[in-house]
Amino acid sequence: MNSVSELQRRRAVNQIWNAAEDYSFLPDFKAFDKDGNAELYWNSVIGAVRRHYEYAKLAKVFASFQQYEESDEYEGLLWIGLENAVYQKEQPERPVLEKLRRDYAERYLAVYGASSLDDYHLYDCLATAHYERILGKEPQMSRYDKKLLDELEFGPELDTDAIVERAGELFSRWFQITLEEKRRERRLPLIGFKRRGGKKEKTRYRQFGIGIADHPLHAYTDEEELLRREDEPTTHLNAAQLRAFMAFKFGASMYSEQENAELERKLCSGNHSLCHLLFTRGVPEKGKIQNAFEALRKEREAKQIEMNRQYYRQHLAENRTSIDRLASRIRNSVLLYLQPSDIRSDSGKLDGTRIWRAGILQDEKVFLRTEQGNMGDLSVDILLDASTSQSERQERVSTQGYIIAEALTRCSIPCRVMSFCSMTGYTILRIFREYDKPRENEKIFEYVSNGCNRDGLAIRAVHELMNNSPCENKILILLSDVKPHDALRVFSEDSSDYTAYERETGVRDTAAEVRKARGDGIAVICVFTGDEQDLPNAKLVYNKDFTRIATVDKLADAVGTLLQNQIRNL
Amino acid sequence: MFAFLKNEGIDPAILQRIREFREQYPASEDMRHRIPQPRFHYYGKEIWEQALTALLAGENLLLVGPKATGKNVLAENLAAVFARPAWDISFYLNTDAASLIGTDTFKNGEVQFRRGPITQCAQEGGFGVLDEINMAKNESLAVLHATLDFRRIIDVPGYERIRLSPCTRFVATMNYGYAGTRELNEALASRFMVLNMPIIGQENLQKLLQSQFPHLRNEYAQQLSQLFQDIRKKCDSSEISTKALDLRGLLSAVSLVENGLSLGQALEMGMTNKSFDPFERQLVQDLITARVRGDLYARDLFEEK
């Protein structure tokens, strides 16, 4: 037994919730069989314990075991006692438990029944005896063990306090341990220790019944990490070298040099007059890695891409539900917006202007049938902010992007996914997936944050790309923290001085670009990924058309509502 | 039907007024076949009284509630109690005025008006069940405004104005909260009295099971209705979709057991397989396993006849 999949974990939690008749807590103990599948009987017991007893008091007892070396054994023994008690409480309401319990006991004995004799472990011995008793057999055991088991098998008449008291008495008498938690000896919690990308709960597996249980130690911090921007290197490269460097770093340009120059002339004006653009599909340029720093960076990126994929897989169940929900909402609003068109037919609504044909020409097609329109005239572009300020949430942003793209794909709405970042005067637009490549959503996980973000220029560039979209109606979804920041400064007319492209200047420029796009009939909406303090910026730039998502599972509803509103207004 | 209502404890005064209504408006012979003969009864005294009173007062009803709350059962029951012919009109996205009111056709060399279900129902004094009214676009329902409010008319441009028979009533149903549904606009909602349908409780579900299957053993009626509540809880906490929360499926499953399948197989067909996501099916299967044995057959579930 090595690992438990996310799906089985979620399944176990669901089994526990069901038995507890309460969905508001996250269980600490979960039971799995030796193949890593959720163990229905034990999870039902765990849930039922929650329902019949005050779990907080029991949790204290379990916590107090942690100070001893044999904590796993004590835990196991206490669970045997609880199982015995809660089974008798629950069985009258849930008669099927009898069968589930017997089945479980049989399975347990088939796996552990024989082996526990040679290698004596108190827990194994008592557990075997307990399950033998369940099957109506008289177990072979020493008088000493028998007495312990008799005492341990709590009856249904005990309430929580009585159980805690009995347990305290029993464990101190048989094992000379006290169930008072000694504060002093507690292991230092893992607070203050934080690994990038390793924010999941630390999980410990132990023997539990025939399988294992996992028992999370909540080890995470809320410590605000200060945002660190990558230092902008002042470059000594000439223009051509710099362009080559960018292409090498981010991928070959998708335009020829001339086309690119054309685009830059058109787009890099006003606030962005000294900027350059790189449009790339991430196709690697051939060339040698120039230095160790670059090599390290490449390696880091590869790791991040793997982490993005992993994050998606770890939350597979939720993500799939999100995709499903979002897809059905989009499908629904799109259907609503499609205008039906009338076609000539030999049945349906009579068309008064053509009725003469029936009598004169024997043409029976004098009726109109309503035909559903097609979705061909709506396209969606998704733009991910890939600046360093997003580095703490790269996995989440890529997963969100993927969910939206996948939902749109399922509705057969053409969608294009891009990310942008800026570096040394270049704003790089990376295209992950084109309108006509519905099978390439996986590429979105190649999203890696890098450098700064010149939101205004990026939106302007995407606006230009979208103008060439074959569809009549266009929606642009940004996943951004609305925190424009770029090293290349902006010349301000009023003060005839340069101001940094950040804060008010950056936000105002971004807002202006969003307005321009809207003026061209592109619906722009934003999924706000940033922190509380930047919310006012989002309001300023996107007006009402943005949504803030506390957890990924809210994504579908939030984006669904935004999209519905936009589609309605088309 | 009256015996059942009396049994449910409905106010006798209301029942008396229904009898008077039925005497005053007897259904015509050729419409008799449209009077529903319900297979299921709706349980719930309060809802019954509210619905009956509203209809007696000449109002139209809107039944709002999530899946498996008996909206259509109640609508059908109501038509049966009042002994009125019923028209079932399902609303969908492209429902338009023509499909409701009627449309032109070409008959015997001339254009004639072919009545739609609403028009027929209005003229025959029927009960129109407007099923899933919120599936249609609000704009296309605007033609019903005059029909549903105090004017009680249907005005088709180019034709005569049709007056509603005094015993015509409309009972609309709508499901709130799943992906396919939309808000009903104010103009339309204001033309109905709205009944919020309560979720069927454990006890009433047990009653329903036992009335459908009089030989079903008490303990299994209880466990099966518990199972339904378990599934509902899981839907409410949005761990699974509402696909497996299927009351019709549960009833059909019991009937399959009666006809020879094992309970496990029957529930799989009736409930688990309603969901097409393998993980969701697994969760539903766990709920079933934690509630009833799969290897039970008719002889276990039912008492000897």
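Residues numbered from 1 in each chain as written. Chains lettered and ligands numbered in written order. Predicted model: local features only at pLDDT ≥ 70, side-chain atom pairs only at ≥ 80, totals over all residues.

(A) Geometry of the overall build of chain A. A count of helical and extended segments in chain A gives 18 helices and 15 strands. For chain A, the residues scored as buried account for 39% of the 570 residues in total. Put simply, of all contacts in chain A between residues at least 6 apart along the chain, 70% involve residues at least 24 apart. (Helix = DSSP H or I, 4+ residues; strand = E, 2+ residues; numbered from the N terminus. Buried ≥ 20, exposed ≤ 12 C-beta atoms within 10 Å, placed from the backbone. Contact = placed C-beta atoms within 7 Å.)

(B) Seen up close, the interface of chain B and chain A. Contacts between chain B and chain A engage 28 residues on the former and 28 residues on the latter. For the side of chain B that touches chain A, the elements supplying multiple residues, two or more each, are β3 (102-107), α10 (218-236) and α13 (278-289) of chain B. Per-element tally for the side of chain B that touches chain A: the top contributor is α13 of chain B, with six residues. Of the residues that constitute the side of chain B that touches chain A, the class distribution is ten nonpolar, eight polar and ten charged. (Nonpolar A, V, L, I, M, F, W, Y, C, P; charged D, E, K, R; others polar.)

(C) Focus on the sheet that holds strand β8 (residues 169-174) of chain B. Residues and elements named next belong to chain B. Taken in spatial order, the five strands of this open sheet run β2-β5-β8-β1-β9, and their pairing is parallel. If you trace the sheet from one side to the other, it starts and ends with β2 (86-90) and β9 (193-196), each paired once. Going across the sheet, the axis of each strand differs from the next one's by a mean of 20 degrees, ignoring polarity. One ladder, built from four bridges, connects strand β5 (residues 127-131) with β8; its direction is parallel. Bridge pairing in β8 places Gly 128 opposite Phe 170. (Pairing = 2+ DSSP bridges. Axes fitted to C-alpha atoms, helices over the stretch in contact; angles between N-to-C directions.)

(D) Looking closely at the packing of helix α3 (residues 55-65) of chain A against helix α4 (residues 71-90) of chain A. All names here are of chain A. Contact geometry for α3 and α4: axes closest at 8 Å, N-to-C directions at 155 degrees. By the angle between their directions, the pair α3 and α4 is classed as roughly antiparallel. Contact residues: α3 offers Val 61, Phe 62 and Phe 65, while α4 offers Ser 71, Tyr 74, Glu 75 and Leu 78. The class makeup of the residues in the contact of α3 with α4 is five nonpolar, one polar and one charged. (Parallel < 35°, antiparallel > 145°, perpendicular 65-115°, else oblique.)

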